[in-house]
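These are the residues of each chain, in order.
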Amino acid sequence: MRSALIRHRSGGTKRGKKVSLKDLNMSTTKYDPMSFEEIQRIKENKYMDINNVNNDFSETDDMRLKVAVAEARNRMQARYNEPNIIWKKKLKISQKTIQDIEEEMITRFGRPRNFFKSMDVLTSPLNVGDVVDLSTTLETADLAVVAELPNSLDDPRYTFINCYGGIIFASRLKVKLRFPNIYPHNWFNNIILNEKTLNLAERGINPIGKPKFTAEDSLINSSTNSYFEHALVNNVDNINKFETFIIPSIPSRILARHLSNILSKSWEYLPEFNSKLELLHNLLQSSESPIHLNIFQLFHATKLIDLNKIEKEVNKIDNTADLIQYYTKLSVNISKEIGTDNNYNTLVVGKSIIGELDLFEENDLSSFYSLILSLRKNSKLYGGVNNFDPVTYFPLSITIFPLSKVVETDLTVDAFKENEGLFQELNNYLIKKLQNPSNQEVDQIGHAPFYYDKIISLMKLYCSSSTSLDPTTESFLMKILRNLPIYNDKTISTSTVYELLLKLHECAKIQDPSEWSMDLLKPYSGISEKADFEQLHYDKLDEYYFSGRLPETNDFDNVKELRQDLTVDVNSDLTNKHVIYCIDDKGAHEIDDGIALKKLDNGSFKVYTHIADPGSFLTKDDILAKIAFERGYTSYFPDTATKPIEMLPRSFVDKVQLKNKTGDKDKKTRTMCYSVIYENGKVLPDSFDIFPSYANEFVGITYDEVDLILNNDPNVLRYISERYRIDPIRIKKDLLKLYEISENLNKVRTSKIDFKFKFSNSLTKVIKDEEKENLRLIFNNTNDESHETKNKSQLLVSEIMINTNSMVAKFLSKEKIPAIYKILKQLPISDEIYAQMKTLDQNSISDTQKISTFLSGTSYSIIPSRHEYIGVDSYVTVTSPLRRFSDLVIHWQLQSYLKNQLAEEPGVVNTSENKVNSLLSEKNLSYILLSLKSKELKINGTMRKSKNFYIFKYLKDVMTSKSENPLLRAIITSKPTTSGEANTKLVDYGNINCLLKSSAKFSNKKIISKLESLKNENLNFFSTLKIGDVVEDCYIEDIDLLSGDILLKSKSY
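Residues numbered from 1 in each chain as written. Predicted model: local features only at pLDDT ≥ 70, side-chain atom pairs only at ≥ 80, totals over all residues. Heavy atoms only, no water.

Once that is clear, we can look at the environment of glycine 204. By the secondary structure assignment, glycine 204 is in the loop between strand S9 (193-194) and strand S10 (210-212). We classify glycine 204 as exposed; its relative accessible area is 54%. Sequence spacing of glycine 204 and arginine 75 is 129 residues, and the spatial spacing of their C-alpha atoms is 9.3 Å. (Helix = DSSP H or I, 4+ residues; strand = E, 2+ residues; numbered from the N terminus. Buried < 20%, exposed > 50% of the residue type's maximum accessible area, 1.4 Å probe, protein only.)

Along the chain, histidine 891 turns up in helix H27 (residues 885-903). Judged by its relative accessible area of 0%, histidine 891 falls in the buried class. The contacts of histidine 891, once residues within four sequence positions are left out, are Ile611, Ala612, Asp613, Met672, Tyr674, Val878 and Pro881. (Contact = heavy atoms within 4.5 Å.)

This paragraph deals with the nonpolar core. Inside soluble globular proteins, nonpolar side chains tend to come together where they are buried. If you look at the biggest cluster of nonpolar residues, it comprises 140 residues, and the most contacted ones within it are Phe179, Phe296, Phe394, Phe885 and Ile928. In terms of residues, this core owes the most to one element, helix H6 (residues 249-284), which gives 13 residues. Taken domain by domain, this core gets at least three of its residues from each of domain 1 (62-116 + 144-217 + 228-256) and domain 2 (264-402). Each residue touching phenylalanine 296, except ones within four places of it in the same chain, is listed here: Phe116, Ser118, Val121, Leu357, Asn363, Phe368, Phe394, Leu396 and Leu930. Grouped together as the second largest cluster of nonpolar side chains are 63 residues, Tyr452, Ile456, Leu986 and Ile992 included. (Core = buried A, V, L, I, M, F, W, Y, C linked by side-chain atoms within 4.5 Å. Domains from an automatic or database assignment.)

The residue serine 495 is located in helix H16 (residues 494-503) in this model. By relative accessible area, which is 11% here, serine 495 ends up buried. Reaching out from serine 495, the side chain makes a polar contact with the backbone nitrogen of leucine 1041 at a distance of 3.0 Å. Setting aside residues up to four positions removed in sequence, serine 495 forms contacts with Asp1040, Leu1041, Leu1042 and Ser1043. (Polar contact = N/O pair within 3.5 Å; in protein donor to acceptor, adjacent residues only side chain to side chain.)

Scanning the model with the defined rule gives 38 salt bridges in all. A salt bridge links glutamate 630 to lysine 530; its shortest N-O distance comes to 2.5 Å. Taken together, the residues span a long stretch of sequence, with glutamate 630 in helix H18 (residues 623-631) and lysine 530 in helix H17 (residues 529-546) at a distance of 100 residues. Note that arginine 749 is salt-bridged to glutamate 799, the shortest N-O span being 2.5 Å. Of this pair, arginine 749 sits in helix H22 (residues 728-750) while glutamate 799 sits in helix H24 (residues 792-814); the two residues are 50 residues apart in sequence, bridging distant segments of the chain. In terms of burial, arginine 749 and glutamate 799 fall into one category: buried. Because the salt bridges share partners, they merge into one network encompassing Asp557, Arg563, Asp613 and Arg670. (Salt bridge = Lys/Arg side-chain N within 4 Å of Asp/Glu carboxyl O.)

Here you go:
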């Protein structure tokens, strides 16, 4: 298009000629283009000088008007029209109107979806075209779409377009919710334009795009260009050193309209979803325990509710008994439809394993987002909506709070509202308790008010951070603390409440508050009567078993006729017998895997992986199986004094685990056996075999002992030989050959992995002294030079187990047996970033951090898919069925398949003895998969908080006990922000997340330009920090014990 600053063909800019608005209208008058130099000459003309007394101001006004309008058109042309022309040309779009352009895009690239699939949530990594929410509150709910992937290794920010058509630059850590694969990828080709390509500066036009500062933007007012606008107002002279980006107005308007439509529909549906969630809470909750549902079950439940129909039917009922019966029936029907247990009027032990879920079902996007908004609004009834999975960016697990607890809290808060004197009564009692810390007798402090225990319970729930209290209840707790003299001028947080509980002797001196979590449901913690009852069932079994009062039940065996006998006569020479090495940590809770080696006549070797076989003792209807499914995993606390929450009872584990049975040398132990032949350092693919077996010769040996034997320690070898009466030469040869095989497996496997990690520094154990209030932390720090030597045993075991799991996955896939696969897909990255990543040193902590910024985490699928981190095309886990329910499920699937294969063989009579639990379908496994994934998220989240609590407690004790704050090492994990902050991890303390803040001093005026702040010398230096940089001289400025916040500062930055 022509320049907006033009001159008239007939007379140019003749002095004295009146210029009307009509003359300036490009649509009615023809003009020649005018160069930027001509514009400047006109503006420098004396007639434009308002201080020249000789000017004819009527002409000057006309000329200024002409120039102003022309310049406005010039700016419009450069800023809006030209970007659209460039964008249309690159995409070869021929249409002119927005509506026609959109139709052309749909025809050529595909139509945006108004739905998403649950399977895509689990399996699709964050990518262009995904719709996301960058907020976690109802008030700030906003949608955006991923428009561009990061294009630099030093800048992991994605480019988002929000529902106003504005640009946001943010890392994936800012994504709080994601709906995958909504827009076709090609819609975003060439959609983000760098304004430098428009040559605006040469044309005297200021840019208007979104600045992409070296540091990362905060998400405050992300829909505006406030940084840039403030720079203009304050005449900051370095604007052009920042790159600015724009979206052509045509695609911006199309996307903004789409996203706004989704958002407006979601808000339109919100009242209906609020009503449905209130009703569903009454139907699905349990008075005995919080209930955990996956969010797709809850969404399905909302679709089953017809509010109008229910209202009509309820209005016909005229007595309470019939009304209760109606709601009971409704609860049973909905529970059955969504595949969960009916908790309406009964205590359910465990969790039903037989449920169904269709992961390929299309979920309406606006309806689902409305459910998310409604869950945020109803935080008093439901929890977990903001606890999103960092891999899927989705709140997979929802907690339904017991109505009895909700009502109890409301009644307590209302009572205090109606009677302010209760605050004073409680305050007086609390002060007495605080003033008599060593004497808590009734005669000294008086009787506790009747509501005291409820207040303490509420405080513990608040400290556990497993749920966010509604504003009214939180304000109520804050007021209680504010009334106490020791807190009336302090900032109140969860840590303050925890401190009060300690002072009141309402918890142990070093009490981990995560044990009060509604996510974990720890037995006997006062959170769940259901969990207490289930643990009582386990405890009784243990009591009977270990006292010898539990009868043997070895007769039941799902696959008895398939079991091969690999037992040996323990009194005979074991030189050539089937010896199983069970290598584990000292004091391992369960021994569920072992390895055996056999040399074949042709010189090749057969390796057997023996796995404990609890599945053969259980059916899917057994109480133990249902409780195990509800727990999902064995949960290990970092505190060694705290008993783990075991998936299966200790007595059952003791019975089925791989160890020589005391007092009965001929005792047979059932195993699932997986074997494969190794020849010339390679696996023979067709040699893989699966069969149930009996075994009885187990050599229990620790990782440390194996390392010492492999490093030629004769004392340990002699000790193991004498203990198990096995020739030491046999032991040494077996372990050396197994290690050699494992090394070869590792080389082959890792050759298929692009990026490998050798660094780990997580907290493994906490040893605490309650009396002295001391903590000792043990980390599995692998950042030392001797790591490779020390962990030969780890390599030996892990590689054989990985190979077993991957071979089983291939078998399942080949035979089309439904299974739960573990997958890890690499995040989509640009070719430039991939090339940069390949040049990094993977033995460097700094470079490893850079690489990890662009890697995803593990997820689950019912479809076999590649596991990038392990380097295999498909992967399941079968090696830990005593502590991982998914492994037990795969055992069931394999046993069902083997049993069915046997039944189909010629001459085999298909009797009741040959019948076994049928194969679980894909829909059954989808239900199990999401239940286990949800449980895993809750366990991992709670255990992460638990570890952080102990690390924070230790650091706080160190910080307060020493005269000088100790210096710490921190690695930068995000780009520094424009306000002088960067996310970091403490290298030597479990890589816990911290915030490093620049030591630069800032003014406290109303608004400080972040651009102007960049002029500060310290902040400029701080902003040069890059992801992966290690800051060696950090110190703790502030620490909050429970919120997970550590504020660091550095002496150098």
